[in-house]
Amino acid sequence: MTDRATLTTLYLDEVARSGVQASELLGSLPESGLLDSLYHQRYLPRPVFLGHAEREQLHQDIENLGAALLSLPGRLYGGDIAAFARALGMTDVQASAVLRGRRHPATRLTRADLYADQSGFRVLEFNIGSPVGGIDNAEMCRALLEHSLLAEFAGAHGLSYVDTMREQVETILSETGAEPGSFPVVAVADWPAHYPGFRPYLRKLAVRWRELGLDAHPCHLGELEVRGGRVWLGGRPVDIIFRLFLIEHLLEPDGPALIDPVLDAAARGEVAMFTPMDSELFGSKGALAMLSDERNRHLFTAAEQASLDRVLPWTRMVRPGPVTLEDGRAVDLHDYALSHAGDLVLKPTLMGGGRGVVLGSDRHCGPEQWRGQFGKAIDEPYVIQRRVRPEPELFPGDSGDLVPWIVTWGVFTVAAGHGGVYTRAVTEASQVTTINRHSGAYVGSGLCAGTACSPSAGSARQDQARISPPR
């Protein structure tokens, strides 16, 4: 059975035999107006690869992880969402926002961020809902496949990709109840302070969404007006708010005044929101700590337990007192954290984008700094997690050499199932510890062997289902 390591080796051998330079493999990526407005010419020269069995197993593990996360309020708190929110570190204001906009069932749009280490894939965090990035990864696939070397290799090995953006639109339509072909007006609503820097990308994204069936209009939250039983953007009534603002924005001085009116309008049925605030409950790293805690293990099915064992690293809320390690030993968390800094990472429960993350192994974080950071985290909304040591992935270099990169895999689920692969990476030599756009990461996509997924009825995937070599 062909796996990712074999596919990678075979492809790199093809690249070496051809003598092609890495820059040539990019196809039209540098000219992509949509992508370059966000990624600024930082593209990986090849996709990552997954064998069919690997993709099936990984997708099932992510589905089981997601199901276990969604079950936590019922299994641990008797269905009390407010109690669950408080346990994750949310304020009363944030918990209220979650309760007003709760959706049943929760969205299927997720992205698990993972490292691949010697044992397989390990989840770093689980992102759920509208703010997840990387949905434009299929555009990268299409550009890379313009080069005959990759196109022929993909065809020979039955490699395929999912158009994540198309599937995102299908998910928006199905989960908001919009009728097929109705071309709903969508306000793509960002936070005011964030919007100016993101606006060029959102404008280009809106053009693509219109081609796919959404009458999309980027804006910031302050431009929306609630009146007359509708939400308005200028003189245009809005059918769907695509939420890019976050639960953390409620903590800003003007947060409730901007956010509450649209949440109330959604609660009254005057506008649909994709996605409601409840999605941020299940994307919390505190929820991962609840899954990892051995005291809760008996609550999960055998399939869920097996998936958690495969993909979830040891994770605990930062609290004084004893914890149990992977081998069953009980240790004092404070003493253990201070004596094993190189193996551990501190993460705030409710922030994304690498903000607030502290690696005990960071060359800039000595013993005293680590002690201070851990002390600040005690009884605050933080988790401590076992550091995952990823295996470097080799990529072609322009000098004909192979360059080792550290890759964060972003694997999507959508309403129809598996939703594609998005990658961010830095060179191993860079020693960058947090991999994201702000740290200068390069971005890429993935090709998988076998059928892309099991599409739902009406899902428009067939042009991405399989790639044939050019004639």
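Along every chain, residues carry numbers that run from 1 in the direction the sequence is written. Where totals are concerned, whole chains, interfaces and linings use all residues; where local detail is concerned, this predicted model gives features only for residues with pLDDT of at least 70, and gives and counts side-chain atom pairs only at 80 or more. Side-chain measures here rest on the full set of heavy atoms in the structure, leaving out hydrogens and waters.

Chemist: Kindly report on the sheet that holds strand S15 (residues 344-348), identifying the contributing residues and their values.
Modeler: Strands qualify as paired when DSSP identifies two bridges or more between them. Runs of H or I in DSSP of at least four residues are treated as helices and runs of E of at least two as strands, each being numbered from the N terminus. With respect to topology, 4 strands assemble into an open sheet ordered S12-S17-S15-S16, the strand pairing being antiparallel. Two strands lie at the open edges of the sheet, namely strand S12 (315-317) and strand S16 (358-359), each paired on one side alone. As defined by bridge partners, S12 adjoins strand S17 (residues 382-386) across 3 bridges and the pair is classed as antiparallel. Its bridge partner being in S17, Met317 is matched across the sheet by Val383. Residues are treated as being in contact if the distance between any of their heavy atoms lies within 4.5 Å. A fitted line through C-alpha atoms serves as each axis, taken over the contacting stretch for helices, and the angle formed by two N-to-C directions is quoted from 0 to 180°. Contacts from helix H15 (residues 367-377) reach S15, S16 and S17 within the one sheet, and its direction differs from that of S15 by about 40°.

Chemist: So, the side chain of His147: which residues are in play, and what are the values?
Modeler: Inspection of the secondary structure assignment puts His147 in the loop between helix H6 (137-144) and helix H7 (148-156). Within the local environment of His147, its side chain forms a polar contact with the backbone nitrogen of Leu149, the two atoms lying 3.1 Å apart. The residues touching His147, leaving out its near neighbours within four places in the chain, are Val20, Glu24 and Leu25. Side-chain atoms alone can form a polar contact between residues adjacent in sequence; in general such a contact is a pair of N or O atoms within 3.5 Å, and within protein one must be able to donate a hydrogen while the other accepts it.

Chemist: With reference to specific residues and values, describe the nonpolar core.
Modeler: We define a nonpolar core as any set of buried Ala, Val, Leu, Ile, Met, Phe, Trp, Tyr and Cys residues linked to one another through side-chain atoms lying within 4.5 Å. When a residue's accessible area, from a 1.4 Å probe over protein chains only, is under 20% of the maximum for its type it is buried; when over 50% it is exposed; and in between it is partly exposed. Core analysis: the biggest nonpolar cluster contains 63 residues, and Leu224, Ile241, Phe245, Leu281, Leu291 and Trp409 have the highest contact counts within it. Among the elements that make up this core, the one with the highest residue count is helix H3 (residues 52-77) (6 residues). Not counting residues up to four positions away in its chain, the partners in contact with Ile241 are Ala187, Ala189, Leu224, Val231, Val262, Val271, Ala272, Met273 and Phe274. Membership of the second largest hydrophobic core comes to 55 residues, among which are Phe49, Ala154, Val169 and Tyr422.

Chemist: Let's hear about the packing of helix H1 (residues 4-18) against H7: which residues, and what values?
Modeler: Where H1 contacts H7, the two axes come as close as 11 Å, and the packing angle between them is 145°. Relative to H7, H1 is oriented so that their crossing is right-handed. Residues Leu7, Leu10, Tyr11, Glu14, Val15 and Ser18 of H1 pack against Leu149, Leu150 and Phe153 of H7. Classifying every residue of the contact of H1 with H7 gives 7 nonpolar, 1 polar and 1 charged. Crossing handedness is read from the near helix: turned anticlockwise from the far helix by less than a right angle, it gives a left-handed crossing, and turned clockwise, a right-handed one. Under the grouping applied here, Gly and all other residues not named as nonpolar or charged are polar, the nonpolar ones being Ala, Val, Leu, Ile, Met, Phe, Trp, Tyr, Cys and Pro and the charged ones Asp, Glu, Lys and Arg.

Chemist: Let's hear about the packing of aromatic side chains: which residues, and what values?
Modeler: For Phe, Tyr and Trp, rings pair up if their centres lie within 6.5 Å, where Trp contributes its six-membered ring, and each pair is then called stacked (planes under 30 degrees apart), edge-to-face (over 60) or tilted (otherwise). Enumeration over the complete set of coordinates arrives at 13 aromatic pairs. An angle of 75° between the planes, with centres 6.5 Å apart, marks the rings of Tyr39 and Tyr43 as edge-to-face. Of the two residues, Tyr39 and Tyr43, both sit in the buried class. An aromatic cluster is present here, built from Tyr11, Phe49 and Phe153 joined pairwise through their rings. One residue, Arg46, lies across the ring of Phe395, its end atom 4.2 Å from the ring centre. The ring centre of Trp232 lies 4.4 Å from the NZ or CZ of Arg227, which sits over that ring. Two conditions define a charge sitting above a ring: the NZ of Lys or the CZ of Arg must be within 6 Å of the ring centre, and it must be within 35 degrees of the ring normal.

Just distances and angles here, no functional claims.
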